[in-house]
Amino acid sequence: MRFIVYDIEATCWEGRPPGMEQETIEIGAYEVSAFGEVGAAFSRLIKPVLHPQLSHFCRRLTNIDQSDINRARDFSRVVGAFQDWIDVDGEPYILAAWGTFDERQLRRDCALHRLDEAWLDPHINLKAQYRDLRGLPKKRGLASAVRHEGFEWSGEQHRALDDAANTVKVFRKLLDVWRY
């Protein structure tokens with residue numbers, strides 16, 4: 001069994017203007033073996049089609065430059081490369097993300113681009129499980145979980161590969177207790 005610990009970033013606006021549908025703009029992931037060995041990484045930017053111009057808020061939050069987004073590939077090509085990297089038809093895998101947003105957003109993007117979303121089915125929500133495992137009264141954000149597990153945050157928050165790397169820290173510490 002392989003785990004794909006991943007994170008995405010999506011278009012965003014301050015507040016939530018009506019009619020502004022979010023799209024994935026970045027995917028970052030690490031492969032983690034059943035023994036906790038961290039393998040290859042995947043990191044790509046994605047050019048959104050509905051709102052190709054990132055808001056000032058989004059650029060500031062993610063530190064993703066508009067010029068980098070302009071050079072990025074579209075969702076279909078990047079998600080195809082991601083599926084190839086995962087090798088969705090090979091050895092069994094489980095996708096693992098902190099919360100429900102990432103999976104829901106990828107499913108919305110698959111629907112928008114008329115792509116099959118079955119590859120997203122083997123999925124676990126680490127945030128919900130973490131709450132249960134630690135007996136917390138409410139869900140804990142990733143940065144807080146990283147701190148509470150005794151780790152230092154590395155990299156930038158709201159960058160997909162850095163967020164995935166920090167998720168891996170918590171994931172590996174609790175490797176034997178996740179339910180899937």
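Here, the structure is the one placed above.
Since the structure is predicted, the reported quantities are computational estimates derived from the model, not experimental observations.

## Here we look at the nonpolar core
Trp-98, Leu-126, Tyr-130, Val-170, Phe-171 and Trp-178 are the most contacted members of the largest nonpolar core, which totals 22 residues. Every element with two or more residues in this core is listed here: strand 1 (2-10), strand 2 (24-33), strand 4 (93-97), helix 5 (126-134), helix 6 (142-148) and helix 7 (160-173). For this core, the leading source of residues is helix 7, giving five residues. Of all hydrophobic cores here, the second largest spans 19 residues; its members include Tyr-6, Ala-29, Phe-82 and Leu-106.

## So, helix 7
With 14 residues, helix 7 should reach 20 Å at 1.5 Å per residue; the first-to-last C-alpha distance of 20 Å fits that figure. Within helix 7 the residues assigned to the buried category are Ala-160, Asp-163, Ala-164, Ala-165, Asn-166, Thr-167, Val-168, Val-170 and Phe-171.

## Some points on the pairing of strand 1
Of all nine residues making up strand 1, nine are buried, and the element is well covered by its neighbours. When strand 1 meets strand 2, the two strands line up antiparallel, connected through nine bridges. Paired with Ile-8 across the strands is Ile-27, a residue of strand 2. By the bridge criterion, four bridges tie strand 1 to strand 4 in an arrangement that is parallel. Across the sheet, Val-5 pairs through a bridge with Ala-96, a residue of strand 4.

## Points about the side chain of Gln-66
For Gln-66, the location among the structural elements is in helix 2 (residues 66-71). For Gln-66, the residues in contact, after removing those within four places along its chain, are Pro-52, Gln-53, Leu-54 and Arg-59.

## Examining the packing of aromatic side chains
Taken as a whole and judged by the stated rule, the model has nine aromatic pairs. Between Phe-42 and Phe-82, the ring centres sit 4.9 Å apart and the planes meet at 45°, which makes this aromatic pair tilted. Pair noted here: Phe-42 is in strand 3 (residues 38-45) and Phe-82 is in helix 3 (residues 75-86), with a separation of 40 residues, a long-range link. Take Phe-42 and Phe-82: they sit in the same class, and that class is buried. When the centroid spacing of 5.9 Å and the interplanar angle of 10° are considered together, the rings of Phe-82 and Trp-85 count as stacked. Taken together, the residues Phe-82 and Trp-85, both in helix 3 and three residues apart, mark about one turn of the helix. Members of the aromatic cluster, connected to one another through ring pairs, are Tyr-6, Phe-42, Phe-82, Trp-85 and Trp-119.

## A short note on the sheet that holds strand 3
As summarised here, the arrangement of the five strands in space is 3-2-1-4-5, forming an open sheet in which the pairing is mixed. Among the strands making up the open sheet, the edge pair consists of strand 3 and strand 5 (123-125). This sheet shows a mean twist of 20° between the axes of neighbouring strands, independent of strand direction. One ladder, built from six bridges, connects strand 2 with strand 3; its direction is antiparallel. In the sheet register, Ile-27 faces strand 3, and the bridge partner there is Arg-44. Across the face of the sheet, helix 5 comes into contact with strand 4 and strand 5 while running at roughly 50° to strand 5.

Calculation notes
Residues numbered from 1 in each chain as written. Predicted model: local features only at pLDDT ≥ 70, side-chain atom pairs only at ≥ 80, totals over all residues. Heavy atoms only, no water. Core = buried A, V, L, I, M, F, W, Y, C linked by side-chain atoms within 4.5 Å. Buried < 20%, exposed > 50% of the residue type's maximum accessible area, 1.4 Å probe, protein only. Helix = DSSP H or I, 4+ residues; strand = E, 2+ residues; numbered from the N terminus. Expected span 1.5 Å × (residues − 1). Pairing = 2+ DSSP bridges. Contact = heavy atoms within 4.5 Å. Phe/Tyr/Trp six-rings, centres within 6.5 Å; stacked < 30°, edge-to-face > 60°. Axes fitted to C-alpha atoms, helices over the stretch in contact; angles between N-to-C directions.

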